[in-house]
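Residue-level structural notes
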Amino acid sequence: RKSKARSARGRRKGNMAENGMEVEGRNPTIYDLAFDFHSQRFAISSADGRIRVYAKGKSKYEQMDEFKVDVRARKLAWAPPHFGQVFAAASLDDNIVRIYEETVSEKPRFRRVAQINNAANPTDLAFKPGAEPSLKLTLAVPSTDGKVRVYEASDAMSLKEWKKTSELEAGKTECTGLAWNPNYFEIPSLLVACGEELAIWDFYKEQHRWVKSQEFPSDFHTSNINKVAWAPSMGRSFHLVATASDTTRIFKLKPKVDQQAGKRFEVEPELKGDAKTQVWDVQWNLTGSVLASSDAEGRVVLWKRDFVQKWQRIMNARSKDDQLT
């Protein structure tokens, strides 16, 4: 559903697939790009310190808003759709998370409605998924101090006030990636990467505490993890998670009947890619059947299982010349 290149210049095009759409406008170096849930809009943060928001038209994405941010936003994340058009932005230059919401006027505009002081520089952002509008709008923020802080909006109708509800001592080094379990019918869980370490944390509402329920073997990663992604389950009896580091990796998580401390799942490596450079990002499609990865060479790769359940590369795209292979 979405893929990103860490550095991309010039005119942005959405024609990297046969049914793609052109994107109107020119942008400087892009730091991050995030689509909303329905892929009707996306926001990009650029090196010029501006955030631009695009909306889907009949034949192309058209720019609907552009505004200056007081710092260079490095991370963007959209909230679940039933909370309206809301997204968060964070920078590695300070410890502030900024919340933006669309205003109702003749011309749609986004305005900053809140600032969250995170006590350390954020490295990623992830809103908790949910199907019920009555659920609290929740945002998880991993940081350079090795902690993950979880915030809730006090009033989902105004979003002006946010409170910290939890703080996880996730790692000894800075946390570099985070993803929620998208299956909101299960216990709330976070997949957290800190350096080369990868773990799953579960939230127990009755005790109001987070517990580390799964530690991945230390030899699975030999370099820092840049990004993580948790696939929608879509009725599967197991989970799929992906990581971006020195290459693309996919793991199958099979629930264990006799769970022990730190061993909620049986972890099976399913894919180790062949990237020759750092992989910066991984993202799943809505059904969890296709994984997109982007690397430092400006290459976007789509991965999908074949009929014998082996992950195969189904598309290569390079941002420099827009070539497909």
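These figures come from a predicted structure and were not determined experimentally. (Residues numbered from 1 in each chain as written. Predicted model: local features only at pLDDT ≥ 70, side-chain atom pairs only at ≥ 80, totals over all residues. Heavy atoms only, no water.)

A short note on the overall build of the protein chain
Helix and strand counts for the protein chain come out as 0 helices and 28 strands. Looking at the protein chain as a whole, 53% of its 325 residues are labelled buried. In the protein chain, once contacts between residues fewer than 6 apart in sequence are set aside, the share between residues at least 24 apart is 43%. Carbon and sulfur atoms provide 47% of the accessible area of the protein chain, an area that totals close to 15,800 Å². (Helix = DSSP H or I, 4+ residues; strand = E, 2+ residues; numbered from the N terminus. Buried < 20%, exposed > 50% of the residue type's maximum accessible area, 1.4 Å probe, protein only. Contact = heavy atoms within 4.5 Å. Areas by Shrake-Rupley, 256 points an atom, 1.4 Å probe, with all protein chains shown as cover.)

A closer look at the environment of Ala231
If you trace the backbone, Ala231 turns up in the loop between strand E20 (227-230) and strand E21 (239-244). Sequence separation between Ala231 and Val290 is 59 residues; the distance between their C-alpha atoms is 9.1 Å. Residue contacts for Ala231: discarding those within four places in its chain leaves Pro182, Arg236, Leu240, Trp284 and Gly288.

Describing the nonpolar core
Of all hydrophobic cores here, the largest spans 20 residues; its most connected members are Val97, Ile99, Leu125, Phe127, Leu137, Leu139 and Trp162. Mapped by element, the contributors of at least two residues to this core are strand E9 (86-90), strand E10 (96-103), strand E11 (109-117), strand E13 (138-142) and strand E14 (147-153). (Core = buried A, V, L, I, M, F, W, Y, C linked by side-chain atoms within 4.5 Å.)

Observations regarding the sheet that holds strand E8 (residues 75-78)
Ordered in space as E8-E9-E10-E11, the 4 strands form an open sheet in which the pairing is antiparallel. Single-partner strands in this sheet number two, and they are E8 and E11. Along the sheet, successive strands turn relative to each other by an average axial angle of 25°, direction set aside. Across 8 bridges, E10 lies against E11 in antiparallel orientation. When the bridges of E11 are listed, Val97 appears paired with Ile116. (Pairing = 2+ DSSP bridges. Axes fitted to C-alpha atoms, helices over the stretch in contact; angles between N-to-C directions.)

What to know about the pattern of salt bridges
One pass over the full model with this rule turns up 25 salt bridges. A salt bridge links Glu66 to Arg50; the shortest N-O distance between them is 2.7 Å. With Glu66 in strand E7 (residues 60-68) and Arg50 in strand E6 (residues 50-56), the pair connects residues that are 16 residues apart, well separated along the chain. The class of Glu66 is partly exposed, set by a relative accessible area of 29%. (Salt bridge = Lys/Arg side-chain N within 4 Å of Asp/Glu carboxyl O.)

Comments concerning the sheet that holds strand E15 (residues 162-169)
Sheet architecture is open: 4 strands sit in the order E12-E13-E14-E15, paired in antiparallel fashion. With partners counted over all chains shown, the strands left at the sheet margins are strand E12 (126-127) and E15, one partner each. Where E12 meets E13, 2 bridges bridge the pair, whose relative direction is antiparallel. If you follow Ala126 over to E13, its bridge partner there is Ala140.

Things to note about the state of the cysteines
A covalent bond bridging the sulfur atoms of two cysteines is what the word disulfide describes. Tallied over the entire structure, the rule returns 1 disulfide. Put simply, Cys175 and Cys194 are joined by a disulfide, and their sulfur atoms are 2.4 Å apart. What sets the handedness of the Cys175 and Cys194 disulfide is the S-S torsion sign, and at about 65° it is right-handed. With a gap of 19 residues between them, Cys175 in strand E16 (residues 175-180) and Cys194 in strand E17 (residues 189-194) connect regions that are remote in the sequence. (Disulfide = S-S within 2.5 Å.)

Some thoughts on the environment of Ala79
One can find Ala79 in the loop between E8 and E9. Judged by relative accessible area, Ala79 falls into the buried class, the value being 6%. Between the C-alpha atom of Ala79 and that of Ile99, which follows or precedes it by 20 residues, the distance is 9.9 Å.

Remarks on the packing of aromatic side chains
In the structure shown here, the tally under the stated rule is 15 aromatic pairs. On the numbers, 5.1 Å between centres and 45° between planes, the contact of Phe35 with Phe42 is tilted. Take Phe35 and Phe42: they sit in the same class, and that class is buried. Aromatic pair Phe87 and Tyr100: ring centres 5.3 Å apart, planes at 25°, arrangement stacked. Linking Phe87 in strand E9 with Tyr100 in strand E10, this pair joins segments that are 13 residues apart in sequence. Residue Phe87 is classed as buried on the basis of its relative accessible area, which comes to 0%. By relative accessible area, which is 4% here, Tyr100 ends up buried. Members of the aromatic cluster, joined through ring pairs, are Phe67, Trp78, Phe87, Tyr100 and Phe110. Lying over the aromatic face of Tyr31, Arg74 brings its terminal NZ or CZ to 3.9 Å of the ring centre. Geometry around Phe238 places Lys252 over its ring, the cationic atom sitting 4.7 Å from the centre. (Phe/Tyr/Trp six-rings, centres within 6.5 Å; stacked < 30°, edge-to-face > 60°. Lys NZ or Arg CZ within 6 Å of the ring centre and 35° of its normal.)

What to know about the pairing of strand E19 (residues 209-215)
Note: strand E18 (residues 197-204) against E19, 6 bridges, orientation antiparallel. Bridge pairing in E19 links Tyr204 to Arg209. Connecting E18 to the antiparallel partner E19 that follows it, the hairpin turn spans 4 residues, and His208 within it adopts a positive phi of roughly 50°.

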